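Single-letter residue listing:
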Amino acid sequence: MSEKNTLYAKQAYLPQGWTESVRLHWDANGTLTQLETGVVQQAGEASAELVLPGITNLHSHAFQRAMAGLTEVAGDSKDSFWTWRELMYRYALQLRPDQLEAIAAQLYMECLRHGYTGVCEFHYLHRAPSGDWYDNPAEMSERLLAAADSAGIAITMLPVLYSYADFLEQPLREDQRRFRTDEDSILELITRLERFRSAQVEVGVAPHSLRATTTAQIGRVLAAMPADRPVHIHIAEQMREVDACIAAHGKRPVALLTDDLAIDSRWCLVHATHLDASEVTAIAQSAAVAGICTTTEGNLGDGFFPLPEYLAQGGRFGVGSDSHVSQSPVEELRWLEYGQRLRLQGRNIAHSAEQKRVGDFLWQQALAGGAQASGRRTGQLQPGYQADIVVLDTEHPNLADLPVQQVLNTWLLAGNDNLVRDVYAGGHKVVSEGRHVRQELIQRNYRDCMRALRTA
């Protein structure tokens, strides 16, 4: 084992909690092979004070990073998710493949710098601006893979099935022309992406929503795919969607989905904001992951996920940055907890009988949920898992001389500085002393891209 494939941690966050004097070993593929505890640091060995598993960002639309902050101007009528969507469509129509790659690389770099070591890319910007396919139908998908490789982040590619504009198979609008796929074209995209699969790349599928697909379509696609691949879907994000689903099908969205399809642990139900009690139970009992995107849900005025009701029934969750008004898991988890405090007028909502520390509970749950949603072996510092590692900055005043039991509470729920010092993704050190190893180049490409978009 080469020396560069080891890391000594004074304190490492293992499944059983903080553990002193740990040495991590990983192989050339970035897979952890051995864990030694109670060891003595060796001279010249790479070392860190506080080491945690990296977390997966389970929901991303990378291109939306370029429009973050540009929609915060009131219109002449009441603004909502639906008015924001009109602006998003207009932005999506102008992006070239090289611009998508530059935007995604910037986003993925930012995610790494804040502690995400993997991302699930819910990708529906498939076609050229004209609505025609590129000569390579996977052109835009491959640009996202190239961006992930450039930044060094692990990626779960989720090509999106997007066939209709609304319930009852309403035809797509003209401004949705870049998104259009059917069963055959989405399966072709998945087939073209198979050659990229590795320890750092997984390929699944994402039916966009029950507005944009039908359960029959979804069933046919899944029947043609390997049975263990991740499946993600937007669902019950807005009350207008819920009401339209009831009008069209006589059922709420989650009830329609779970009645028609076998929902299990490979599924991630993104947002799932507006649920009745039976739907909360259905998701929890299915072993699917609820994909909560707190900063986007707040930005778009979606509402509050019913977290304590869901957790009481053993529900699993992870977090994602979605539209990328934030790129920090700290902010997603902090505002998940604070949103529940505001909704319920109480404190310390996210916890269990076994884990009373809110920060630890949030991090543990998001690690497990994100890993499950990604379809990758990540989220634990254990042999057989990827060496996705976050090192915190113990020189920062918030963490200096802090008892280790208080680290996650303090990191997640106090202060606003980025406390991530170093990050390893798949065993490669991609962030050092707070800077990404390719930060200057990636930022320059992004600035050039944005300058071109803003002057077009």
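Residues numbered from 1 in each chain as written. Predicted model: local features only at pLDDT ≥ 70, side-chain atom pairs only at ≥ 80, totals over all residues. Heavy atoms only, no water.

Could you give an account of the overall build of the protein, naming the residues involved and the relevant values?
Along the backbone of the protein there are 14 helices and 17 strands. Relative to its length of 456 residues, the protein is compact, with a C-alpha radius of gyration of 21 Å against a globular reference of 23 Å. Considered along the principal axes of its C-alpha atoms, the protein spans approximately 65 × 50 × 45 Å. Going through the 456 residues of the protein one by one, you find that 60% of them count as buried. Considering only contacts in the protein between residues 6 or more positions apart, those separated by 24 or more positions represent 73%. (Helix = DSSP H or I, 4+ residues; strand = E, 2+ residues; numbered from the N terminus. Rg over C-alpha atoms; globule rule 2.2 N^0.38 Å. Buried < 20%, exposed > 50% of the residue type's maximum accessible area, 1.4 Å probe, protein only. Contact = heavy atoms within 4.5 Å.)

So, the pattern of salt bridges: which residues are in play, and what are the values?
Here the structure, examined in full by the defined rule, presents 27 salt bridges. Note that Arg341 is salt-bridged to Glu337, the shortest N-O span being 2.6 Å. In this pair, Arg341 and Glu337 both sit in helix 11 (residues 329–344), four residues apart, roughly one turn of the helix. You can call Arg341 buried: its relative accessible area is 15%. (Salt bridge = Lys/Arg side-chain N within 4 Å of Asp/Glu carboxyl O.)

Kindly report on unusual backbone geometry, identifying the contributing residues and their values.
Trans is the common state for peptide bonds, and a negative phi is the common state for residues other than glycine. In this structure, His271 is a non-glycine residue whose phi angle is positive, near 80°. Even without being glycine, Gln345 reaches a positive phi, approximately 55°. Looking at the secondary structure, you find Gln345 in the loop between helix 11 and helix 12 (358–374).

Describe a nonpolar patch on the surface, with residues and values.
A surface patch of nonpolar side chains, amounting to about 340 Å² of accessible area, comprises Phe304, Trp335 and Leu342. By the element assignment, Trp335 lies in helix 11. Trp335 sits in the partly exposed class, given a relative accessible area of 39%. (Patch = residues over 30% accessible without salt bridge, like charges linked within 9 Å, V, L, I, M, F, W, Y side chains within 5 Å. Areas by Shrake-Rupley, 256 points an atom, 1.4 Å probe, with all protein chains shown as cover.)

Report on the nonpolar core, specifying residues and quantitative values.
Tyr108, Leu257, Trp267, Phe317, Trp363, Leu392 and Trp411 are the most contacted members of the largest nonpolar core, which has 130 residues in total. At 10 residues, helix 2 (residues 97–113) tops the list of elements feeding residues into this core. With residues near it in sequence (within four places) discarded, Leu257 still touches Leu210, Ile233, Ile235, Ile263, Trp267 and Leu269. Counting residues in each nonpolar core, the second largest holds 15 residues, with Leu7, Trp26, Val51 and Tyr424 among its members. (Core = buried A, V, L, I, M, F, W, Y, C linked by side-chain atoms within 4.5 Å.)

How would you explain helix 2 if you had to name every residue and give the values?
Helix length check: helix 2 (17 residues) gives 24 Å between terminal C-alpha atoms against 24 Å at 1.5 Å per residue, within 8%. Across the 17 residues of helix 2, 14 count as buried, placing the element largely inside the fold. (Expected span 1.5 Å × (residues − 1).)

Which residues make up the packing of helix 2 against helix 14 (residues 439–455), and what values go with them?
Interaxial distance between helix 2 and helix 14 falls to 9 Å at its minimum, and their mutual angle equals 135°. One way to sum up the angle between helix 2 and helix 14 is to call them oblique. Crossing geometry of helix 2 relative to helix 14 is assigned as left-handed. Along its contact with helix 2, which presents Gln99, Ala102, Ile103, Ala105, Gln106, Met109 and Arg113, the element helix 14 presents Gln439, Ile442, Gln443, Asn445, Tyr446, Cys449, Ala452 and Leu453. (Axes fitted to C-alpha atoms, helices over the stretch in contact; angles between N-to-C directions. Parallel < 35°, antiparallel > 145°, perpendicular 65-115°, else oblique. Left-handed = near helix turned anticlockwise from the far one by under 90°.)

Give me the sheet that holds strand 11 (residues 267–271): which residues, what numbers.
The four strands are arranged 10-11-12-13 in an open sheet whose pairing can be described as parallel. Strands with a single pairing partner mark the edges of an open sheet, and in this sheet they are strand 10 (231–235) and strand 13 (316–319). For this sheet the average axis-to-axis angle between neighbouring strands, irrespective of direction, equals 30°. Here strand 10 pairs with strand 11 via five bridges, running parallel. Paired with Val231 across the bridge in strand 11 is Trp267. Along the sheet, helix 12 makes contact with strand 10, strand 11, strand 12 (289–292) and strand 13, crossing strand 13 at roughly 90°. (Pairing = 2+ DSSP bridges.)

Mind laying out the pairing of strand 5 (residues 55–60), listing which residues take part and the relevant values?
Along a regular strand, successive side chains alternate from one face of the sheet to the other. In terms of residue burial, strand 5 counts as a mostly covered element, since six of its six residues are buried. Summarising the sheet, strand 5 and strand 6 (residues 116–123) pair through four bridges and their orientation is parallel. Within strand 6, the position partnered with Ser60 by the bridge is Glu121.

How would you explain the environment of Asp448 if you had to name every residue and give the values?
Relative to the helices and strands, Asp448 resides in helix 14. A relative accessible area of 40% places Asp448 in the partly exposed class.

For the packing of aromatic side chains, give the residues involved together with the corresponding values.
A complete count under the given rule lists 12 aromatic pairs for this structure. The interplanar angle of 55° and the centroid separation of 5.9 Å between the aromatic rings of Tyr124 and Tyr162 together place this pair among those described as tilted. Note that Tyr124 is positioned in the loop between strand 6 and helix 3 (139–151) and Tyr162 in the loop between strand 7 (154–161) and helix 4 (183–193), a separation of 38 residues in sequence. Taken individually, Tyr124 and Tyr162 each receive the classification buried, so the pair is uniform in this respect. Pairwise contacts between aromatic rings join Phe63, Tyr89, Tyr124, Tyr162 and Phe179 into one cluster. Stacked on the ring of Trp82, the Lys or Arg Arg240 has its end atom at 4.0 Å from the ring centre. (Phe/Tyr/Trp six-rings, centres within 6.5 Å; stacked < 30°, edge-to-face > 60°. Lys NZ or Arg CZ within 6 Å of the ring centre and 35° of its normal.)

Which residues make up the packing of helix 4 against helix 5 (residues 215–223), and what values go with them?
The geometry of helix 4 relative to helix 5 is characterised by a closest axis approach of 10 Å and an angle of 35° between their N-to-C directions. For the pair helix 4 and helix 5, the crossing hand works out as right-handed. Two secondary-structure elements touch here, helix 4 through Glu183, Ile186 and Leu187 and helix 5 through Gln217, Arg220 and Val221.

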